[in-house]
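# Chain and residue survey
These are the residues of each chain, in order.
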Protein chains: 4
Amino acid sequence: MSKPIRVTVWNEGVHEKKDKKVAEVYPQGIHGAIAAHLGKQQGIEVVATATLEQPEHGLTEAVLEKTDVLMWWAHMAHDQVEDKIVDRVHKRVLEGMGLILLHSGHFSKIFRKLMGTGCGLKWREAAEMERLWVVRPGHPIADGLPEYFELAHTEMYGELFDIPQPDELVFISWFEGGEVFRSGCCWHRGKGKVFYFRPGHETFPIYYDENILRVLANAVRWAATPEGSPYTTGAPNIKEPLNPIRGGG
Amino acid sequence: MSKPIRVTVWNEGVHEKKDKKVAEVYPQGIHGAIAAHLGKQQGIEVVATATLEQPEHGLTEAVLEKTDVLMWWAHMAHDQVEDKIVDRVHKRVLEGMGLILLHSGHFSKIFRKLMGTGCGLKWREAAEMERLWVVRPGHPIADGLPEYFELAHTEMYGELFDIPQPDELVFISWFEGGEVFRSGCCWHRGKGKVFYFRPGHETFPIYYDENILRVLANAVRWAATPEGSPYTTGAPNIKEPLNPIRGGG
Amino acid sequence: MSKPIRVTVWNEGVHEKKDKKVAEVYPQGIHGAIAAHLGKQQGIEVVATATLEQPEHGLTEAVLEKTDVLMWWAHMAHDQVEDKIVDRVHKRVLEGMGLILLHSGHFSKIFRKLMGTGCGLKWREAAEMERLWVVRPGHPIADGLPEYFELAHTEMYGELFDIPQPDELVFISWFEGGEVFRSGCCWHRGKGKVFYFRPGHETFPIYYDENILRVLANAVRWAATPEGSPYTTGAPNIKEPLNPIRGGG
Amino acid sequence: MSKPIRVTVWNEGVHEKKDKKVAEVYPQGIHGAIAAHLGKQQGIEVVATATLEQPEHGLTEAVLEKTDVLMWWAHMAHDQVEDKIVDRVHKRVLEGMGLILLHSGHFSKIFRKLMGTGCGLKWREAAEMERLWVVRPGHPIADGLPEYFELAHTEMYGELFDIPQPDELVFISWFEGGEVFRSGCCWHRGKGKVFYFRPGHETFPIYYDENILRVLANAVRWAATPEGSPYTTGAPNIKEPLNPIRGGG
C-alpha cells in the first residue's frame, strides 16, 4: 500500500469538558493527543478527528468514505451514539475499514454489535501497576516492542472479559492487584479488522507512553486492509449454475 | 450430564400454512418432524415446540428457562420476530443455552446478532446434488457419520458466507452446480454454543434423511453446556484488590 | 458414552526415586496420587499406570489400545523416552486418543511433536502464589470451578510460552512475581484432543488440591473422543470420480 | 518494510530430470518458473533458487540467513531431505522466516514437523476442473482476486486433509469429480508464518496461470514477518521476580 493510510480518531469528548483534571492531562482531548502522534508517523495520515457532539457525531458518510482505519475512545455516553451512525460504521467495517477500540470502548454499541457478546469486564481504580506481556511476538502489532512493558499507574480491567475468543491474542496484562486481562485482541468481521486495546484512561497519561503510542501506530498499519477480493453482501440468487446439474437421484 | 437435555424446537411456521406442497412434506410442520425425531433419542427430551404466531413467539421466559438447547428454523418472516424476544434468546445463549440454527435461519435476527456480520450467502433452487464432507472427524457433531454423505436434491447455498471464521468447522459442502459452502459451523458466545447447519428446505424432505437427523441429535448433545464456571456480566467494580498495591512508579 | 473412560497415567518417575522430599509428598509417585483420585470418579476407570523404567516405558501396543485418555507427567528425562514409543503415542492421538500433558511435560518429545514449536517458557522456583483465572466459563474443563482459584506456593511458568495459539484457551495464570501464563490450553490433532495444564510440581503438593483434581477429571472427560467419522491417513488414490468429469477447457 | 522481501525458491527438481513432459512444461524447472515471476514483482527480490541435489540441498546457513520467505515444492523425494536441514529450516521458521508449501509439499518433512499431524489427503489425476472460492475476501493473500477462479485441468486433492484447523482459511476448492479441499491455509508457528497452497502439478502448467501467480506474490508479502518482539526460546530461569513475593499461605 503505497498511499498513506487514512485515519479518523473518534472520541466521545465528554470527560475533557466535565473534569478539569482530564482537561489538564489532555488539553486537546484524547483524540487530539492520539491524532498528534499518528500524524507524525510515516505512511499514516490523520484525515479527521471527530466527537460525539458534532452533527452525526462527526462520522458522516463523507468522513467514513475517506477513512481506512477508525479509532474509537468512549466511556460515559455510549448510549448517546445514534444507532444509525453505529450501523453506518458497522457497514464500513464489514466492507473493509479497520476499527480500533480503546479502553472503555469495550462497552460501545459498535464493539458489542461486532462481537455478539456482552463485552463486560471487572475494573478497579487504584493507580496500580500493569505489565503487558507479548504472547505473539511475530504479530505486526507487537513490532518493535520489548517482551513486556509496564504502566506504573493504571485503571485495572480484569477477566472475565466477555468476548468471543480472539482470532489473534497479542497481549495479556498482569495487574498488581491480582487480575489478568486479554489486553490486545484481534478479530475479523467481513473484510474488516477489529483490534481492541485495553490501556488508556482519562486521568492517567497513558496516551503519552512510548510503548502505547507504538502499539497504536502498529495497529493502524495492521488494521488497514488491502483491496482484497469481492465482498458479497445480501443473498444473490445465482440462477445459472457454473457446472451442469442432473441431480443425484 | 445424567439428566436429559431439554430441547425446544422453534419454527417460523409460515411456509406450512401458505404452501400446500410444504404442508404435504411436513404435515406437522418442520418443527413437528424434528421434534418427533429428537424425542426418540436417548438422553434428549423435547420440552416444547414453538412458532412465530404464538404469544411471545412461544418463547416465554418460562419456556427458555427450561430449555438447554433451542433449535431455530425460519425463512420468510425474520423481521416479524420481536426484538425483545431476540434479546431474551441472546441473553440465554450467553448464559449457556445452546442454539442450533437451521438452513435459512442464517438470516435470522438472533444469528446476525450473535455473529456481528451480515450473514449473507448465494443461493439457487435447482434440485441439485449436495455432498457434505466431514473435515473434522473427531468432532462430536460428526459422530457416527461416514466420511461424506449426499443429498440427492437440495437448494444450493454458496460462498461467500459472511460469517466470522468458525471456531470449529465440521462440514464443507460440494454442490453439483459448482459452489462450495461451510455447512457445519460452531461458535462460542459467552457460556453458550452456537451451531449453524446448512441443509434443510421447506419442500425437499431433508429432515427425514438419516444422516441429517443424526447430525441434529449430535448437535443437541454438543450444544448442551455443563454448569461451568461463573459467567460475569456487566462491569463490577472490584474495589478490594486481591493482592497488595503499591504502584510501580 | 456410557462405558467408562479408560485412563492411563504415565509418569517419568525419576524425581520420586532420587529425592526424598518428593517421595514424602508423593509416596506412590505422582502417577499414584493422580490415579488414586481419578479411579474414584464416576465414569472414569484407570486401566494402567506406567513409568519410564518399564519395558517400552509401560506404553505397549496393548496398553495404548485400551487407553482412551493418556495423562503425561515428565521433567528430568524427556530425552530417554524412545522415539518409537513417542511415534506410537502420536499415532494413537491422531486416531482419537486424548492426551493430557502436565506441568513440565511441556518439553516432552510427544508435546513438541504435536505442536510443531519449541514449547519453551520462563520459570522460577520461589514458592510464589499463583491465581488461575477462568477465561472460558462454559468450557467443560472449567465445570464446577469458581471464577478463579489460587495455589499458595508454586513454581512459576511465564510467557512467552512457545506454542501454536490454542484452539481453546481455558485458564490464564497470574503469578505474584509479575508474570502471566496460558495455563490451560486445548488443541485438536487428527481425531485426538490435547490438553496442556500448567500447575504441578514434584515438591509442592499440587496434585492434592481440590480444584486441580477437579480440572484433571474434567479434562479426562473432555479429552475422551466419541467414535466420530472415519479418519483417513495416508494418501489414497481415488481413481473413480464421484461425479462425471469433462474438464473445464 | 521498505527493503525488498528476500525470497528463496526451493524445488526438489527430480521430476524435471526424469520426465521429458515435465521438462517441456518447465524448462527451467518449477523453481525457475516461479522465481522468474516473483523476481519481476515490486518489493520482492529472489535471492536464491535451490534444489535437492545441491550440497545441503542448497539451504546452507548463509542462504537461510538472507531468506525472509522460503517457497517449497517437492513430491517424489521427501525422504531424501536430510533431517538436519529440516531442523535448520524449522528453526528459521520459528525465528520468523515465512514458509510457503506448494502442492505435494503437504507430505514434506518440514510441513509435517510444523503441523504435528499426518498431513494426508485424497488424490486423483483425471485432468478435472478445479474452482477455488475465496472464503476470506479481506485477507492479503486474496488481494486482487475475483470471488473465485478456475483451473481447467488439474490433479484433484480431496478431504480429509489431515491438518490442524487453519488459523486462517483463505480458499476452498470445488472439484468436478465431487470433492472439496481447504486449498489455502495459514498457520503461525513461533514468529513465523506458514502458508499451504494446493494447486500446482508437474505436468499441468499451473504456475503460469495469472491468478496462481498473483496468489504466490501475495503470499510472499503476507509471509514476510516484521522484526516483531523478542522470541524467547529454551527455558530461561528468571531468578529475580519482577514484583515482590510473599507467598499466599
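The present account deals with the structure reproduced in this document. (Residues numbered from 1 in each chain as written. Chains lettered and ligands numbered in written order. Predicted model: local features only at pLDDT ≥ 70, side-chain atom pairs only at ≥ 80, totals over all residues. Heavy atoms only, no water.)

## Quick look at the sheet that holds strand β1 (residues 5-11) of chain D
Paired through their backbone hydrogen bonds, the strands of a sheet run either parallel or antiparallel. Residues and elements named next belong to chain D. Our working rule: Pairing between strands is defined by DSSP: at least two bridges between the two strands are required. In this text, helices come from DSSP runs of H or I with a minimum length of four residues, and strands from runs of E with a minimum of two, each type numbered from the N-terminal end. To define axes, lines are fitted to C-alpha atoms, for helices over the stretch in contact only, and angles between the resulting N-to-C directions are given on a 0 to 180 degree scale. The contact criterion used throughout is that any non-hydrogen atoms of two residues lie within 4.5 Å.
If you trace the 9 strands from one edge of the open sheet to the other, you get β2-β1-β3-β4-β9-β8-β7-β5-β6, paired in mixed fashion. Two strands in the sheet have a free side with no partner beyond their single neighbour: β2 (44-51) and β6 (148-158). Across the sheet, the mean angle from the axis of one strand to that of its neighbour is 25°, orientation sign disregarded. Each of β1, β2, β3 (69-73) and β4 (98-102) touches helix α3 (residues 29-38); the most contacted strand, β1, lies at about 160° to it. Of the strands in this sheet, β3, β4, β8 (180-189) and β9 (192-197) are in contact with helix α5 (residues 83-95), which crosses β9 at around 115°.

## A word on the side chain of Glu159(A)
Just so we agree on the cut-off: Each polar contact in these results corresponds to two N or O atoms within 3.5 Å; when the atoms are within protein, one needs to be able to donate a hydrogen and the other to accept it, and residues that are neighboring in sequence are counted only if both atoms are side-chain atoms.
Tracing the chain through its elements places Glu159(A) in the loop between β6 (148-158) and β7 (168-175). Only 2.7 Å separates the side chain of Glu159(A) from the backbone nitrogen of Phe161(A), close enough to count as a polar contact. With residues up to four places along the chain from it excluded, the contact list for Glu159(A) reads Lys122(A), Val180(A), Phe181(A), Arg182(A), Trp133(C) and Val135(C).

## Comments concerning the interface of chain A and chain B
Going by this rule: Note on terms: buried area is the combined drop in 1.4 Å-probe accessible area of two parts once they are placed together, counting the loss on both. Within this document, salt bridges are pairs made up of a side-chain nitrogen of Lys or Arg and a carboxyl oxygen of Asp or Glu, the two lying within 4 Å of each other. Only Asp, Glu, Lys and Arg are considered charged in this grouping, and only Ala, Val, Leu, Ile, Met, Phe, Trp, Tyr, Cys and Pro are considered nonpolar; every other residue, Gly among them, is considered polar.
Contacts between the two partners involve 49 residues from chain A and, on the opposite side, 49 residues from chain B. Taken together, the two surfaces of chain A and chain B that pack against each other cover about 3,600 Å², and 56% of this comes from carbon and sulfur. Three residues stand out in chain A for area buried against chain B, namely Trp123(A), Glu176(A) and Ile245(A), and they jointly supply 15% of the buried area on that side. Scanning the region where chain A abuts chain B turns up 0 salt bridges. Our enumeration of links across chain A and chain B arrives at 22 residue pairs in polar contact (both at pLDDT 80 or more). For the side of chain A that touches chain B, the elements supplying multiple residues, two or more each, are α5 (83-95), α6 (109-115), β5 (122-134), β6 and β8 (180-189) of chain A. Here the side of chain A that touches chain B takes 7 residues from β5(A), the largest share from any one element. Class assignment for the residues of the side of chain A that touches chain B results in 21 nonpolar, 17 polar and 11 charged.

## Here's the deal with the packing of helix α3 (residues 29-39) of chain A against helix α7 (residues 210-223) of chain A
All names here are of chain A. Test applied: For this classification, under 35 degrees means roughly parallel, over 145 means roughly antiparallel, 65 to 115 means roughly perpendicular, and everything else is oblique. For any pair of crossing helices, the crossing counts as left-handed if the nearer helix is rotated counterclockwise from the farther one by less than a right angle, and right-handed if it is rotated clockwise.
Two elements in contact, α3 and α7, have axes separated by 10 Å at closest approach and are oriented at 70°. By the angle between their axes, α3 is roughly perpendicular relative to α7. You can see that α3 and α7 cross each other, and the crossing is right-handed. Together, Ile 34, His 37 and Leu 38 of α3 and Leu 213, Leu 216, Ala 217 and Val 220 of α7 make up the contact between the two elements. Split by residue class, the contact of α3 with α7 holds 6 nonpolar, 1 polar and no charged.

## Examining the relation of the copies chain A and chain D
Mapping one chain copy onto the other needs a rotation about an axis and a shift along that axis. As a reminder, the rule being used: The least-squares superposition of copies is restricted to C-alpha atoms, and to residues with a pLDDT of at least 70 in both copies.
When chain A is fitted to chain D, the residual RMSD is 0.0 Å, and the transformation amounts to a turn of 180° plus an axial shift of 0.0 Å. Read as a symmetry element, the transformation amounts to a two-fold axis. Measuring from the rotation axis to each C-alpha of chain A, the shortest distance belongs to Asp167(A), at 3.9 Å. Mapped onto chain D, 100% of the interface residues of chain A again fall at the interface, so both copies present the same surface.

## Observations concerning the sheet that holds β7(A)
Residues and elements named next belong to chain A. Judged by pairing direction, the sheet is mixed, and its 9 strands sit side by side in the order β2-β1-β3-β4-β9-β8-β7-β5-β6 without closing on themselves. Looking at strand neighbours, the two that pair on one side only are β2 (44-51) and β6, the edges of this open sheet. Along the sheet, successive strands turn relative to each other by an average axial angle of 25°, direction set aside. As defined by bridge partners, β5 adjoins β7 across 5 bridges and the pair is classed as antiparallel.

## Regarding the environment of Leu216(A)
Residue and element names in this part refer to chain A. Worth spelling out the cut-off: Burial status follows relative accessibility: with a 1.4 Å probe on protein chains alone, a residue under 20% of its type maximum counts as buried, one over 50% as exposed, and anything between as partly exposed.
Turning to its location among the elements, Leu 216 is positioned in helix α7. For Leu 216, a relative accessible area of 1% translates into the label buried. Sequence spacing of Leu 216 and Ala 74 is 142 residues, and the spatial spacing of their C-alpha atoms is 16 Å. Excluding its chain neighbours within four sequence positions, the residues that come into contact with Leu 216 are Ile 34, Leu 38, Met 71, Leu 102, Phe 197 and Tyr 207.

## Some thoughts on the pairing of strand β1 (residues 5-11) of chain A
Residue and element names in this part refer to chain A. Counting buried positions along β1 gives 6 out of 7 residues, so the element sits mostly inside the fold. Where β1 and β2 come together, 7 bridges link them in parallel fashion. Along β2, the bridge assignment pairs Ile 5 with Ile 44. Two elements, β1 and strand β3 (residues 69-73), share 5 bridges in a ladder whose sense is parallel. Considered in β3, the bridge of Trp 10 is made with Trp 72.

## Structural notes on helix α3 (residues 29-38) of chain C
All names here are of chain C. Counted residue by residue, α3 has 9 buried out of 10 residues, so it is predominantly covered. Listed as buried for α3 are Gly 29, Ile 30, His 31, Gly 32, Ala 33, Ile 34, Ala 35, His 37 and Leu 38. Here the buried face of α3 lies against β1 (5-11), α1 (15-18), β2 (44-51), β3 (69-73), β4 (98-102) and α7 (210-223).

## A short note on the interface of chain A and chain D
The partner chain D presents 29 residues to the 29 residues of chain A that form the contact. Interface area for chain A against chain D, summed over the two sides, is near 2,100 Å², with a carbon-plus-sulfur share of 53%. Here chain A is connected to chain D by 0 salt bridges. Here chain A and chain D share 16 residue pairs in polar contact (both at pLDDT 80 or more) between them. For the side of chain A that touches chain D, the secondary structure elements donating two or more residues are β5 and β7 of chain A. The leading source of residues in the side of chain A that touches chain D is β5(A), at 4 residues. When the residues that make up the side of chain A that touches chain D are grouped by side-chain class, the tally is 14 nonpolar, 8 polar and 7 charged.

## Focus on unusual backbone geometry
In this structure, the amide linkage connecting Glu159(A) to the following residue, Leu160(A), adopts the cis form with an omega of 15°. Structurally, Leu160(A) can be placed in the loop between β6 and β7. Backbone geometry places Glu56(A), a non-glycine residue, at a positive phi of 55°. With respect to the helices and strands, the residue Glu56(A) is situated in the loop between β2 and α4 (61-65). Classification of Glu56(A) as partly exposed rests on a relative accessible area of 32%. Its identity is not glycine, yet His57(D) carries a phi of approximately 55°, on the positive side. Along the chain, His57(D) turns up in the loop between β2 and α4 (61-65).

The quantities given are spatial measurements derived from coordinates; they are silent on function.
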